[in-house]
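Breakdown of the fold
Below are the chains, spelled out letter by letter.
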Amino acid sequence: MKNKCEYIELCRFVGAIIILCHHSYTLMDRTIFLGGWAFVEFYFILTGYYTTSHFVKKMEKHKVEYDEMFFYVKSKIKKLYPYAVGGVLFSFLNVITKCSENDRGVASFSLIYNLLLLKGSDIANSSYTYDPPLWYITHLILFLPLIIILMVKNEKIYKYFLCWFIPIMLYSLCMDYMKKIAIWEGGIFQCFRGIAGLTVGSALFYMTRYYKEKDDFPKMLFRIASVIGFIGFIFITVFYINE
């Protein structure tokens, strides 16, 4: 597997299966992996980590221009969007075959909003939502470019302050508002969730890079910590109870 870590790819695969099972309510009542939403957090963090890694390596070689940032985000969307379209069309067919004759016009019109990924961002308000997890891709489009610009154009401020302060502030706001540490509401809180996850990924990259450069730091601790973290996500998905 060229330029890819088999362990991370395995974690991505397991996470994708869990998220798919979590969203099984499209076809039936949700009964398994009630906490599967936690793996959306996992994907945001992973995206933030590898995005930071990519641009830090670029900045060490040459000055990064805006067109490089644009094409990086574009490549991310090109990889994800076909899966999004497939999920939308599958959900649309499931709805259109079950809804009443009067609702079919609204269901068909709602398809446009969903294919444009507008429903997940709350910009559009249609009567039907197809594949709600699309908000993950929507928020990548909205916030990943902003985070990359901050990272590249204000490297020291982002590295030593923003990537630590932003997630702490947003997670604290979440806990203060909802009195829970792990649950996010919809709307603006989903925006906070996306930004927090991406910047946590950046912070993890800077931290691991710092310790990897220290010769006396045992490298095996990184793998142990990552395994413990992944088990933590699994624990939430299995034992979370929807109140």
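Below or above, wherever it landed, is the structure these notes cover. (Residues numbered from 1 in each chain as written. Predicted model: local features only at pLDDT ≥ 70, side-chain atom pairs only at ≥ 80, totals over all residues. Heavy atoms only, no water.)

Here's the deal with a nonpolar patch on the surface
Heads up, the rule is: Note on patches: the residues involved have over 30% relative accessible area and no salt bridge, like charges join within 9 Å, and the nonpolar side chains Val, Leu, Ile, Met, Phe, Trp and Tyr join within 5 Å. What sets the accessible areas is the Shrake-Rupley method with a 1.4 Å probe; for residues, cover comes only from the shown protein chains. For this document, the term salt bridge refers to a Lys or Arg side-chain nitrogen within 4 Å of an Asp or Glu carboxyl oxygen. Secondary structure is summarised from DSSP: a helix means a run of H or I of at least four residues, a strand means a run of E of at least two, and numbering begins at the N terminus for each.
Side chains of Trp 164, Ile 168, Leu 204, Met 207, Tyr 210 and Tyr 211 sit close together on the surface and give an oily, nonpolar patch of about 570 Å² of accessible area. Elements with a contribution of two residues or more to the nonpolar patch: helix 6 (155-178) and helix 7 (188-212). If one sorts the elements of the nonpolar patch by residue count, helix 7 sits on top with four residues. Structurally, the position occupied by Tyr 211 is in helix 7.

Some points on the environment of Cys 163
Applied cut-off: Each residue's exposure class comes from its accessible area (1.4 Å probe, protein chains only) as a fraction of the maximum for that residue type: buried when under 20%, exposed when over 50%, partly exposed otherwise. Pairs of residues are marked as contacts when any of their non-hydrogen atoms sit within 4.5 Å.
Relative to the helices and strands, Cys 163 is located in helix 6. What makes Cys 163 buried here is its relative accessible area of 0%. In the structure, Cys 163 is positioned 36 residues away from Thr 199 in sequence and 4.9 Å away in space, judged by C-alpha atoms. When neighbours within four sequence positions are excluded, Cys 163 is seen to be in contact with Tyr 158, Thr 199, Ser 202, Ala 203 and Tyr 206.

A short note on the packing of helix 1 (residues 6-22) against helix 8 (residues 220-239)
The test is simple: Interaxial angle, 0 to 180 degrees, is taken between N-to-C directions of lines fitted to C-alpha atoms, where a helix line uses only the stretch in contact. These descriptions rest on fixed angle ranges, namely under 35 degrees for roughly parallel, over 145 for roughly antiparallel, 65 to 115 for roughly perpendicular, and the rest for oblique. Note on residue classes: Ala, Val, Leu, Ile, Met, Phe, Trp, Tyr, Cys and Pro are nonpolar, Asp, Glu, Lys and Arg are charged, and everything else, Gly too, is polar.
As a packed pair, helix 1 and helix 8 sit with axes 12 Å apart at the nearest point and diverge in direction by 5°. Taken together, the axes of helix 1 and helix 8 are roughly parallel relative to one another. Touching Tyr 7, Cys 11, Val 14 and Ile 18 of helix 1 are Arg 223, Ser 226, Val 227, Phe 230, Ile 234 and Thr 237, all from helix 8. When grouped by side-chain class, the residues that make up the contact of helix 1 with helix 8 number seven nonpolar, two polar and one charged.

Digging into the environment of Thr 237
Its location among the elements puts Thr 237 in helix 8. Exposure remark for Thr 237: the relative accessible area of 0% places this residue in the buried category. For Thr 237 and Ile 18, which are 219 residues apart along the polypeptide, the C-alpha to C-alpha distance reads 7.9 Å. Other than its neighbours up to four places away in sequence, Thr 237 contacts Ile 18, Phe 33, Leu 34, Gly 35, Gly 36, Ala 38 and Phe 39.

Focus on the pattern of salt bridges
Applying the stated rule across the entire model yields five salt bridges. Two residues, Arg 209 and Glu 60, come together in a salt bridge whose shortest N-O distance is 2.2 Å. You can see Arg 209 sitting in helix 7 and its partner Glu 60 sitting in helix 2 (residues 38-61), a full 149 residues away along the chain. Owing to a relative accessible area of 27%, Arg 209 belongs among the partly exposed residues under this scheme.

Focus on the packing of helix 3 (residues 66-96) against helix 4 (residues 104-115)
At a minimum axis separation of 10 Å, helix 3 and helix 4 run at an interaxial angle of 170°. The pairing of helix 3 with helix 4 is recorded here as roughly antiparallel in orientation. Facing Tyr 81, Val 85, Val 88, Leu 89, Phe 92, Val 95 and Ile 96 of helix 3, the residues of helix 4 in contact are Arg 104, Ala 107, Ser 108, Leu 111, Asn 114 and Leu 115.

Remarks on the packing of aromatic side chains
This is how it is decided: Working definition: a ring pair exists when centres of Phe, Tyr or Trp rings (six-membered ring for Trp) sit within 6.5 Å. Plane angles under 30 degrees give stacked, over 60 give edge-to-face, the rest tilted. Over a ring means this: the NZ of a Lys or the CZ of an Arg is within 6 Å of the ring centre and within 35 degrees of the ring normal.
Applying the stated criterion across every chain, the model contains 14 aromatic pairs. Aromatic pair Phe 42 and Phe 233: ring centres 5.6 Å apart, planes at 75°, arrangement edge-to-face. One end of the pair, Phe 42, is in helix 2; the other, Phe 233, is in helix 8, and 191 residues separate them in sequence. Like Phe 233, Phe 42 is buried. Ring plane angle 75° and centroid distance 5.3 Å describe the contact between Tyr 49 and Tyr 50, whose orientation is recorded as edge-to-face. Linked through ring pairs, Phe 39, Phe 42, Tyr 43, Phe 230 and Phe 233 together constitute an aromatic cluster. The side chain of Lys 153 reaches across the aromatic face of Tyr 66, ending 4.7 Å from its centre.

Function-wise, these values are silent; they only describe arrangement.
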